[in-house]
Amino acid sequence: MTRPTGAPAPAGARGADGWLDALHRIVPTPDRYLRFDTDRDSALAVMRCSPEVLDRLMEAGLRHRTEGDRVLFDDSDVRNVAAASGSGGSVLELVQRYLFRFAVSDPSEWTDARAWAIRNLGACPDDPGCREPWQFAPLAAGDFAGRSWDERVTDGPVDARGATVDGHPPLAEFTATVRTVGAVRRVRDPLVRDAFHASLQEMRTGRMYYQAMPTELRNDPEAARANGTANCISVSLHLERVFTDAGLEARTRKGYLMGILGSDHSWVEVREDGEWKVVDPVFALLGLRQGASEEFVEFCLGSVPNRLVPCDCPADLETVRHTHQQSPAPTRNVVLVNPLKEIPS
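Residues numbered from 1 in each chain as written. Predicted model: local features only at pLDDT ≥ 70, side-chain atom pairs only at ≥ 80, totals over all residues. Heavy atoms only, no water.

Draft legend 1. Focus on the overall build of the chain. A tally of regular secondary structure across the chain gives 11 helices and 17 strands. Scaling as 2.2 N^0.38, a compact globule of 345 residues should have a C-alpha radius of gyration of about 20 Å, and the chain matches this with 19 Å. Overall size of the chain, expressed as C-alpha extent along the three principal axes, is 60 × 45 × 35 Å. Of all intrachain contacts in the chain linking residues separated by at least 6 positions in sequence, the fraction that spans at least 24 positions is 73%. Looking at the chain as shown, the accessible area adds up to about 14,900 Å², and 47% of this sits on carbon and sulfur atoms. One finds the centroid of the 40 positive side-chain charges in the chain at a distance of 3 Å from the centroid of its 50 negative side-chain charges. (Helix = DSSP H or I, 4+ residues; strand = E, 2+ residues; numbered from the N terminus. Rg over C-alpha atoms; globule rule 2.2 N^0.38 Å. Contact = heavy atoms within 4.5 Å. Areas by Shrake-Rupley, 256 points an atom, 1.4 Å probe, with all protein chains shown as cover. Lys, Arg positive; Asp, Glu negative; His and termini not counted. Charge placed at Lys NZ, Arg CZ, Asp CG, Glu CD.)

Draft legend 2. Spotlight on the sheet that holds strand S1 (residues 36-39). Ordered by their spatial adjacency, three strands build an open sheet running S1-S3-S2, and the pairing between neighbours is antiparallel. Lying at the two open borders of the sheet, with one neighbouring strand each, are S1 and strand S2 (64-67). Neighbour-to-neighbour, the strand axes of this sheet turn through a mean angle of 45°, independent of strand direction. With three bridges connecting them, S1 and strand S3 (residues 70-74) associate as antiparallel partners. From the neighbouring strand, Asp-39 faces S3, where its bridge partner is Leu-72. With respect to the sheet, helix H2 (residues 40-47) is in contact with S1 and S3, its orientation differing from that of S1 by roughly 70°. Of the strands in this sheet, S1 and S3 touch helix H4 (residues 75-84), which is tilted by about 75° from S3. (Pairing = 2+ DSSP bridges. Axes fitted to C-alpha atoms, helices over the stretch in contact; angles between N-to-C directions.)

Draft legend 3. Structural view of the packing of aromatic side chains. Counted according to the given criterion, the structure contains 10 aromatic pairs. Both rings, one in Trp-110 and one in Phe-299, keep their centres 5.0 Å apart while their planes meet at 55°; by these two values the pair is tilted. With Trp-110 in the loop between helix H5 (91-99) and strand S4 (114-123) and Phe-299 in helix H11 (residues 294-299), the pair connects residues that are 189 residues apart, well separated along the chain. Of the two residues, Trp-110 and Phe-299, neither departs from the other in class, the shared state being buried. On the numbers, 6.0 Å between centres and 25° between planes, the contact of Phe-283 with Phe-296 is stacked. Here Phe-283, found in helix H10 (residues 281-289), pairs with Phe-296, found in helix H11; they are 13 residues apart in sequence, far enough to count as distant. Following the ring pairs from residue to residue traces out a cluster consisting of Phe-100, Phe-102, Trp-110, Phe-283, Phe-296 and Phe-299. For Arg-251, the ring lying beneath its charged end belongs to Trp-276, and the centroid distance is 4.0 Å. Sitting over the ring of Phe-144, Arg-253 keeps its end group 6.0 Å from the ring centre. (Phe/Tyr/Trp six-rings, centres within 6.5 Å; stacked < 30°, edge-to-face > 60°. Buried < 20%, exposed > 50% of the residue type's maximum accessible area, 1.4 Å probe, protein only. Lys NZ or Arg CZ within 6 Å of the ring centre and 35° of its normal.)

Draft legend 4. How the structure looks around unusual backbone geometry. Located in the positive-phi region is Ala-145, a residue other than glycine, with phi close to 65°. Mapped onto the secondary structure, Ala-145 falls in the loop between strand S5 (134-136) and strand S6 (147-155). For Asp-150, which is not glycine, the phi torsion reads 55° and is therefore positive.

Draft legend 5. Local environment of empty space enclosed by the protein. Applying the stated criterion across every chain, the model contains three cavities of 30 Å³ or more. Going through the elements one at a time, helix H6 (190-205), helix H8 (221-226), strand S9 (229-230) and helix H9 (232-245) are the ones with two or more residues in the lining of the largest cavity. Broken down by class, the residue content of the lining of the largest cavity amounts to six nonpolar, four polar and two charged. (1 Å grid on protein atoms, 1.4 Å probe; cavity = no way out; pocket = protein on both sides within 12 Å on 5 of 7 lines; lining within 4 Å. Points joined across faces, edges and corners; volume = space filled by probe spheres on them. Nonpolar A, V, L, I, M, F, W, Y, C, P; charged D, E, K, R; others polar.)

Draft legend 6. Molecular detail of the layout of surface pockets. Considering only enclosed or pocket space, the second largest pocket measures out at about 220 Å³ in volume. Lining the second largest pocket are 16 residues, and of these Arg-114, Trp-116, Gly-259, Arg-307 and Pro-339 lie nearest its centre. Taken together, the elements giving at least two residues each to the lining of the second largest pocket come down to H5 and S4. Residue contributions to the lining of the second largest pocket peak at three residues, all from S4. Looking at the lining of the second largest pocket residue by residue, the classes come out as 11 nonpolar, one polar and four charged.

Draft legend 7. Broad picture of the sheet that holds strand S17 (residues 332-339). With respect to topology, four strands assemble into an open sheet ordered S6-S7-S4-S17, the strand pairing being antiparallel. At either end of the open sheet lies a strand with only one pairing partner, and these are S6 and S17. Strand-to-strand twist in this sheet, taken as the mean axis angle between neighbours without regard to direction, amounts to 15°.

Draft legend 8. Quick look at the nonpolar core. Judged by nonpolar contacts, the single largest core of 44 residues is most densely connected at Phe-196, Met-203, Phe-243, Val-279, Phe-283 and Phe-296. Breaking this core down by element, the ones donating at least two residues are H5, H6, H9, strand S10 (250-257), strand S11 (263-272), strand S12 (275-279), H10 and H11. Excluding anything up to four places from it in sequence, Met-203 contacts Met-208, Tyr-210, Ala-230, Val-235, Pro-281, Val-282 and Leu-285. Core analysis: the next-biggest nonpolar cluster, separate from the first, contains 24 residues, Ile-26, Leu-54, Val-81 and Tyr-209 among them. (Core = buried A, V, L, I, M, F, W, Y, C linked by side-chain atoms within 4.5 Å.)

Draft legend 9. Region of the structure containing the pattern of salt bridges. Scanning all chains against the criterion turns up 29 salt bridges. The partner of Asp-37 in a salt bridge is Arg-35, with the nearest N and O atoms 3.0 Å apart. Across the pair Asp-166 and Arg-79 runs a salt bridge whose closest N-O atoms are separated by 2.1 Å. On the criterion of sequence distance, the pair formed by Asp-166 in the loop between S6 and strand S7 (172-180) and Arg-79 in helix H4 is long-range, its members being 87 residues apart. For the pair shown, Asp-166 and Arg-79 are each scored as buried. Connected through salt bridges with shared partners, the residues Arg-35, Asp-37, Asp-75, Arg-79, Asp-126, Asp-166 and Arg-332 form a single ionic network. (Salt bridge = Lys/Arg side-chain N within 4 Å of Asp/Glu carboxyl O.)

The following block contains the structure:
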């Protein structure tokens, strides 16, 4: 796999050639961060390609390890090839498409009141029968003038009605009902504005290639930048350092991104005019990929989107965590969202 020179492949690519091209466009996970914990069935569940395409990718250099009759892949490599494939059908492509369709809608739909039912399912890739304890980050919807009800955690076997977490059985569940509302705000500080646009430009040009990364890499923004990669966590942590080094009050946040589908998401907030303003170049990037306007880009520089549900959780912690004998353990999760027609007051 070779270093990419630009943006991901266009969505029109089809067939095995698009997958093979994607393999050579992504930035491989550095060897020190490799973790072969994704089996063949789980890889196919994420990529949604044929077994024959996966075989060709392995022959072309998709890194894997054989343990007995099992073939294991690095989770980040699998996700990044899927996202860059242009197949239009991988889980990563579908999530981005459905989550950011709202970015091309009327601006009033970026802030109007919404209601959602959230399910965050957690799974252990190391042990499908794991019985170790789980923790979920509490919601902080009120920080964005929203509200949450009926927050519940199920720690144990989950009736997921056929849903899996990248092919793994869900072992814990967080559920809640949430009301969200957006707000139009504008960052005035020139340093913040310049840093936002610089970060966005780096990702648009491919100088910083937007893709999934292992936890240890994405939580180290200097290492991520040295690797030429970026995602919402590394970008948030990097910008937080830029802002605090300049003497500004800033913090990172993790929460949920709502839509027809759902996802974890991270962003940075800066304190200005007595209020916290969201600074999110990754949100702008993903909106632009769906055809959003420069008005949406400006919206991402201070405003609160009605698709964000903040948690009481910084960017470098996960919304769902569990341990093995009191030590942090690998975790997978999937966020399921049901938009509600009736909006509670």
